[in-house]
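Report on the structure
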Amino acid sequence: ERTVPAAVGGARVEFRGLRRAFGTTTALDGLDLTVEPGELLALLGPSGCGKTTALRVLAGFERPDAGEVLVDGADITHVPANRRDAGMVFQSYSLFPHLTAADNVAFGLRVRKVRAAERRERAAELLDLVGLPQHADRYPHQMSGGQQQRVALARALALRPRVLLLDEPLSALDAKVRLSLREEIRRLQLSLGITTVFVTHDQEEALSMADRVAVLNAGRLEQCAPPAELYRRPATAFVAEFVGTMNRLPGLLTDSGLVEVAGVRMPVDGEAPQAREVDVLVRPENVTVSTAAEGDATVVSTSFLGSVTRVHVDHAGTRVKADLPSREATALAPGARVAVGLAPHPVLVAPRARR
Ligand code: ATP
């Protein structure tokens, strides 16, 4: 049984109106976001949307041009990095190559003049915590990538910070190690109650680990919500298409405020554009496909994904993706004539895109 040190608790972190430009590139364009005490918040978004810059501002490695960072209500915008109460883990193993695992973990304690005996004890406790009790005397080159990241995590926790910052810590690892470390980080984070900000461009990672996911786009917050809500009730077309898979189908707004798509009329969720011709966003699980000799659609391809099969269909020149239970998809070979249906539900609509 691993020893878990007494929970240190977590701080509340607030970004207020953060701006940061690099030359003509705007990395942060007025970011407002609050991370609640003890929560794991994932910063998710496409490359260049400002995730890493936001994290570096919180760590104190980067100064914002405008805006503030508050920790438990105190403005720390101008506090130097080494006096902030945060531990950080980076993508690439940033361990000191000439130090053993134990000495890497104890490095910050040494800088703070903690006595040798106590340093050894804390390093052993932390290596135990991350599942590496036997690796204290190993050097980084004698450990796997996953083991090195565990040591980096232990090192980040050594000073008992109240905020943990993770910048793509799993992206250099192979798939299997990544999955087990995901669970390990989450377990640790929950048991310590430490406020954690996790930068990732991997939506599955964000959705599976986080209490809430903040989706950034061009330096601004699009939406911050628990994973299921982000998926079921995306606030914007950007979020809808970035998180999970979406169909973008041509539709027409009717005078009664409904939208008609593939012959089905559905209520509009949120705001509708001014134009009558719009795109309607529909998840593949809300599309049905059934064999029909008189159908007006054709199966293009299928991919078996385990319990569901994704069927790609051509319907009047539009590609439609449908997820069907695999046992219902056995007859759907490429070329099969089918009918496409939509489960009636409130849908997001976006301005019609050029095709
Ligand atoms: P990625 O997933 O690719 O790491 P990101 O969302 O983390 O992207 P940032 O690293 O925060 O994005 O970068 C945001 C924008 O600012 C990008 O256009 C990037 O090129 C630019 N940028 C970041 N740091 C610097 C810098 N030190 N000098 C110049 N431009 C920078």
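Residues numbered from 1 in each chain as written. Predicted model: local features only at pLDDT ≥ 70, side-chain atom pairs only at ≥ 80, totals over all residues.

Per an unreviewed UniProt entry, the recorded name for the protein chain is ABC transporter ATP-binding protein, and the organism is Streptomyces exfoliatus.

1. As for the sheet that holds strand 14 (residues 277-282)
Basically, it comes down to this: Two strands form a pair only when DSSP identifies at least two bridges running between them. Strands here mean DSSP runs of E at least two residues long; helices mean DSSP runs of H or I at least four residues long; both are numbered from the N terminus. To obtain an axis, a line is fitted to C-alpha atoms, over the contacting stretch when the element is a helix, and the angle between two such axes runs from 0 to 180 degrees between their N-to-C directions.
The strand order across the open sheet formed by 5 strands is 13-12-11-14-20, and the pairing between neighbours is antiparallel. Two strands close off the open sheet at either side, each with one partner strand: strand 13 (264-267) and strand 20 (348-351). Across the sheet, the mean angle separating the axes of adjacent strands is 45 degrees when strand polarity is ignored. Across 4 bridges, the pairing between strand 14 and strand 20 is antiparallel. Along strand 20, the bridge assignment pairs Val 278 with Pro 351.

2. Considering the sheet that holds strand 15 (residues 287-291)
Backbone-to-backbone hydrogen bonds pair the strands of a sheet. The strands run either parallel or antiparallel. Pairing is antiparallel in the open sheet, where 5 strands are placed in the order 15-19-16-17-18. Only two strands of the sheet have a single neighbouring strand rather than two, namely strand 15 and strand 18 (318-325). Within the sheet, the average angular offset between the axes of one strand and its neighbour, ignoring direction, is 40 degrees. Where strand 17 (residues 308-315) meets strand 18, 8 bridges bridge the pair, whose relative direction is antiparallel. The residue of strand 18 that forms the bridge with Thr 309 is Leu 324.

3. Comments concerning the site of the ligand
For clarity, the cut-off: In this analysis, residues qualify as near a molecule or strand once their C-beta atom, positioned from backbone atoms, comes within 6 Å of it.
Phe 22, Thr 25, Ala 27, Gly 45, Ser 47, Gly 48, Cys 49, Gly 50, Lys 51, Thr 52, Thr 53 and His 201 make up every residue found near the ligand. Contributions of two or more residues to the shell around the ligand are made by strand 2 (25-35) and helix 1 (51-59).

4. Regarding the domain arrangement of the protein chain
Rules: Residue ranges assigned to the domains are those given by an automatic or database domain assignment.
Considered domain by domain, the protein chain is made up of domain 1 (13-237) and domain 2 (245-351). In this structure, domain 1 and domain 2 have C-alpha centres spaced 39 Å apart.

5. Considerations on the nonpolar core
Going by this rule: The term nonpolar core refers to a set of buried Ala, Val, Leu, Ile, Met, Phe, Trp, Tyr and Cys residues connected through C-beta atoms within 7 Å. Whether a residue is buried, exposed or partly exposed is read from the other C-beta atoms within 10 Å of its own C-beta, which are placed from the backbone; 20 or more gives buried, 12 or fewer gives exposed, and intermediate counts give partly exposed. It is the C-beta atoms, placed from the backbone, that decide contacts: two residues are in contact if theirs lie within 7 Å.
Core analysis: the biggest nonpolar cluster contains 97 residues, and Ala 42, Leu 43, Val 105, Ala 154, Phe 198 and Ala 214 have the highest contact counts within it. Formed jointly, this core draws a minimum of three residues from each of two domains, domain 1 (13-237) and domain 2 (245-351). Setting aside residues up to four positions removed in sequence, Val 105 forms contacts with Ala 123, Leu 126, Leu 127, Val 151, Ala 154, Arg 155 and Ala 158.

6. Considering helix 2 (residues 101-111)
What helix 2 keeps buried is the set Ala 101, Ala 102, Asn 104, Val 105, Ala 106 and Leu 109. Where helix 2 is buried, its residues contact helix 3 (116-129) and helix 4 (145-157). One or two steps after helix 2, the chain reaches Lys 113, where phi turns positive at roughly 60 degrees.

7. What about the environment of Val 338?
Mapped onto the elements, Val 338 comes out in strand 19 (residues 337-342). You can call Val 338 buried: it has 23 C-beta atoms within 10 Å. A sequence separation of 46 residues divides Val 338 from Ala 292, and the C-alpha atoms of the two residues are 4.8 Å apart. Excluding residues within four positions of it along the chain, Val 338 makes contact with Val 289, Ser 290, Thr 291, Ala 292, Gly 295, Ala 297, Val 299, Val 313 and Leu 332.

8. Focus on the packing of helix 4 against helix 5 (residues 175-192)
When two helices pack together, you describe them by how their axes are tilted relative to each other and by the distance separating the axes. Rule in force here: Just so you know how the angles are binned, under 35 degrees is roughly parallel, over 145 roughly antiparallel, 65 to 115 roughly perpendicular, and the rest oblique. Less than a right angle of anticlockwise turn of the near helix away from the far helix marks a crossing as left-handed, whereas a clockwise turn marks it as right-handed. Note on residue categories: nonpolar means Ala, Val, Leu, Ile, Met, Phe, Trp, Tyr, Cys or Pro, charged means Asp, Glu, Lys or Arg, and polar means any other residue, Gly included.
As a packed pair, helix 4 and helix 5 sit with axes 10 Å apart at the nearest point and diverge in direction by 20 degrees. Comparing their axes, helix 5 and helix 4 come out roughly parallel. Here helix 4 and helix 5 pass one another in a crossing that is right-handed. Residues Gly 145, Gly 146, Gln 149 and Leu 153 of helix 4 pack against Val 177, Leu 181 and Ile 185 of helix 5. For the contact of helix 4 with helix 5, the class distribution of residues is 4 nonpolar, 3 polar and no charged.

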